[in-house]
Structures are given as C-alpha cells and as structure tokens.
Amino acid sequence: GAVVSQHPSWVICKSGTSVKIECRSLDFQATTMFWYRQFPKQSLMLMATSNEGSKATYEQGVEKDKFLINHASLTLSTLTVTSAHPEDSSFYICSARKTSGSNTGELFFGEGSRLTVL
Amino acid sequence: QQPVQSPQAVILREGEDAVINCSSSKALYSVHWYRQKHGEAPVFLMILLKGGEQKGHEKISASFNEKKQQSSLYLTASQLSYSGTYFCGTESGSGTYKYIFGTGTRLKVLA
C-alpha cells in the first residue's frame, strides 16, 4: 500500500519555541494532505487541509498564524507550531489521499508526531 | 458535523461478536472505517460509497444504510488483535476532500 512518512515521531520543546513537522507521501503524489490533532482518548480533529501550491484551508477555531502549513511540492507538507505552549501538546497526524491508481479515495496516515511543550 | 459513534467503549471475550455504529444527522458522501492502536496512526479498514452497500474484510464487515446516514461495523469471532479504537470517517461531499472522523469506539478483547 501507499506510504506516508511523518517526522519527527516525537519532540519535546520549551514554551515559546517553534516546531516543524514534516509529512511526506513516499510513493504517490498528494495534491491534498490533511493535518489532524488528537488529544488523549479523543478522536482525530481536523485542523486544516493542505493544498499543493495554494493556501491551506483551516477549520473553525484553528489559528492559521499559529499553525503554519506549507505544501510546497506534491509529496511534502509541513506543519509549524509557532510559539508553542503547553496546551499545544498533542499527537499530530498527517494524512494524504490517493486520487489515482489502486485504492483511490483511501486515506493514508503518517505515523504521527507527539509534541510535548514544557 | 462530527459523526457520533456508539457504543463509546466495549469489552469482549475472544470469539465474541461486536457491532459499532456510526450515525450522522445528514447524508454522507462516503464512510470509512479505521482502527487505531494506542500511540499509533489509524489503519484503514474499508470504505463504503453506496447506500445499501455491504462490504467484508476477513471477519470484519460493514454496512451503509440506504439513506447514507448510518454505517455499522461488524466484528465477528473477535481476536485479541482487534483491540483498539475504531473510528468512522467521512467526506462531507464529493470532491471536497475534507475528512471528518467520528467520536470513536474503544474496543478491548480479552483472552
């Protein structure tokens, strides 16, 4: 099946610093990627839809200036958590949707990035 | 709007069956089912697109009702490996490429 790689798997940072998380589709092109946040024992909440070559679409309540998304190529989207605070600590997961070939429509997930802000 | 799943949690003995429901207040374009192990990313199980569709995957199958507002996931003769949290997910409409996940159902299978 298709592979989506996310990096780093976990990161610990000090309050006020910025953290960048990368999401790569390794064997298919993804014009659209999704970023989710998941708090313990809760569902995945869609933060934003990342569109290659254009601005991301943010969900209501998600601060676009705090969660910067860049989708510069068909295989890479990045999420930067700026001026992180302890309440930003969470499990961040990216996903990409195949739009052609086998398993079209299936959503492939990265391994997730656990962010802890001290 | 987030689909609502029921039950919130269930505990089974190995070999028992379970049904997980996913309901939406409006018709869905599609429904996807995923299983997530603790600390891991969700894993795709299956996708249903048509009202009245039923689809199977080994001992795990799912249905999508005619009105496309409800889907059920059926786990038969459960195995220890079935433990995890199950999520239904949906696209809000054709071509929107916006995926929203349900509230989740935690399943624990005991030996």
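Relevant structure appears above.
Parameters at a glance
- Within each chain, residue numbers correspond to sequence positions counted from 1 in written order.
- Labels follow written order: the first chain is A, the first ligand is 1, and so on.
- Per-residue local features of the predicted model are confined to residues with pLDDT of at least 70, and side-chain atom pairs are confined, for both listing and counting, to 80 or more; whole-chain, interface and lining totals are unaffected and use all residues.
- The basis for every side-chain value is the complete set of heavy atoms in the structure, and neither hydrogens nor water enter the calculation.
- Helix and strand assignments come from DSSP, with helices taken as H or I runs of at least 4 residues and strands as E runs of at least 2, each series counted from the N terminus.
- The globule rule used here is 2.2 Å times the number of residues to the 0.38 power, and the radius of gyration it is set against is calculated over C-alpha atoms.
- We call a residue buried when its accessible area falls under 20% of the maximum for its residue type, exposed when it is over 50%, and partly exposed in between, using a 1.4 Å probe and counting protein chains only.
- By definition in these notes, contact holds between two residues if any of their heavy atoms fall within 4.5 Å.
- For the purposes of this analysis, a disulfide is any pair of cysteine sulfur atoms at a distance within 2.5 Å.
- We define a salt bridge as a contact between a side-chain nitrogen of Lys or Arg and a carboxyl oxygen of Asp or Glu at a distance within 4 Å.
- Classification of ring pairs rests on two measures: the distance between centres of Phe, Tyr or Trp rings, Trp counted by its six-membered ring, which must be within 6.5 Å, and the angle between planes, read as stacked under 30 degrees, edge-to-face over 60 and tilted in between.
- Two conditions define a charge located above a ring, namely a distance within 6 Å from the ring centre to NZ of Lys or CZ of Arg, and an angle within 35 degrees of the ring normal.
- Paired strands, in this sense, are two strands between which DSSP finds at least two bridges.

(A) Focus on the overall build of chain B. Across its full length, chain B holds zero helices and 11 strands. For chain B, whose C-alpha radius of gyration is 13 Å, the value lies close to the compact-globule estimate of 13 Å for 111 residues. The dimensions of chain B, computed from C-alpha atoms along their principal axes, are 40 × 30 × 20 Å. Burial status across chain B gives 45% buried among its 111 residues. Considering only residue pairs separated by 6 or more positions, chain B has 54% of its internal contacts joining residues 24 or more positions apart.

(B) Geometry of the state of the cysteines. Under the defined criterion, the tally for this structure stands at two disulfides over all chains. In this model Cys-23 of chain A forms its disulfide with Cys-94 of chain A; the gap between the sulfur atoms is 2.0 Å. Across the S-S bond linking Cys-23 of chain A and Cys-94 of chain A, the dihedral sits near 80 degrees, which makes this disulfide right-handed. With Cys-23 of chain A in strand S3 (residues 19-25) and Cys-94 of chain A in strand S9 (residues 90-97), the pair connects residues that are 71 residues apart, well separated along the chain. A relative accessible area of 0% places Cys-23 of chain A in the buried class. Paired by a disulfide, Cys-22 of chain B and Cys-88 of chain B hold their sulfur atoms 2.1 Å apart. The sign of the S-S torsion, about 70 degrees, decides the handedness of the disulfide formed by Cys-22 of chain B and Cys-88 of chain B: right-handed. Linking Cys-22 of chain B in strand S3 (residues 18-23) with Cys-88 of chain B in strand S9 (residues 84-91), this pair joins segments that are 66 residues apart in sequence. Accessibility classification places Cys-22 of chain B together with Cys-88 of chain B in one group, the buried group.

(C) Examining unusual backbone geometry more closely. In this structure, the amide linkage connecting His-7 of chain A to the following residue, Pro-8 of chain A, adopts the cis form with an omega of 0 degrees. Following Ser-6 of chain B, the chain continues to Pro-7 of chain B via a peptide bond in cis, the omega torsion being -5 degrees. Within the element layout of this structure, Pro-7 of chain B appears in the loop between strand S1 (4-6) and strand S2 (9-13). At Lys-68 of chain B, a residue that is not glycine, the phi angle is positive and equals roughly 60 degrees. Relative to the elements of secondary structure, Lys-68 of chain B occurs in the loop between strand S7 (60-64) and strand S8 (70-75).

(D) Seen up close, the pattern of salt bridges. Residues and elements named next belong to chain A. Evaluated as defined, the whole model comprises three salt bridges over all chains. Notably, a salt bridge pairs Asp-88 with Lys-66, separated by 2.9 Å at the nearest N-O pair. Here Asp-88, found in the loop between strand S8 (76-81) and S9, pairs with Lys-66, found in the loop between strand S6 (57-58) and strand S7 (67-73); they are 22 residues apart in sequence, far enough to count as distant. What makes Asp-88 buried here is its relative accessible area of 5%.

(E) Structural detail: the packing of aromatic side chains. Within the structure shown, the criterion is met by 10 aromatic pairs over all chains. With a centroid separation of 5.3 Å and 65 degrees between ring planes, the pair formed by Phe-34 of chain A and Tyr-99 of chain B is classed as edge-to-face. Taken as a pair, Phe-34 of chain A in strand S4 (residues 32-38) and Tyr-99 of chain B in strand S10 (residues 99-101) lie in two separate chains rather than in one. Assessed through its relative accessible area of 0%, Phe-34 of chain A is described here as buried. The ring of Phe-67 of chain A has Lys-66 of chain A sitting right over it, with the charged end atom 6.0 Å from the ring centre.

(F) Molecular detail of the pairing of strand S11 (residues 105-110) of chain B. Residue and element names in this part refer to chain B. Burial along S11 is one-sided: the residues Thr-105, Leu-107 and Val-109 are buried and none of Arg-106, Lys-108 and Leu-110 is. Two strands pair when backbone bridges link them, and S9 and S11 are joined in this way by three bridges, in the antiparallel orientation. Note on S11: the bridge partner recorded for Thr-85 is Arg-106.

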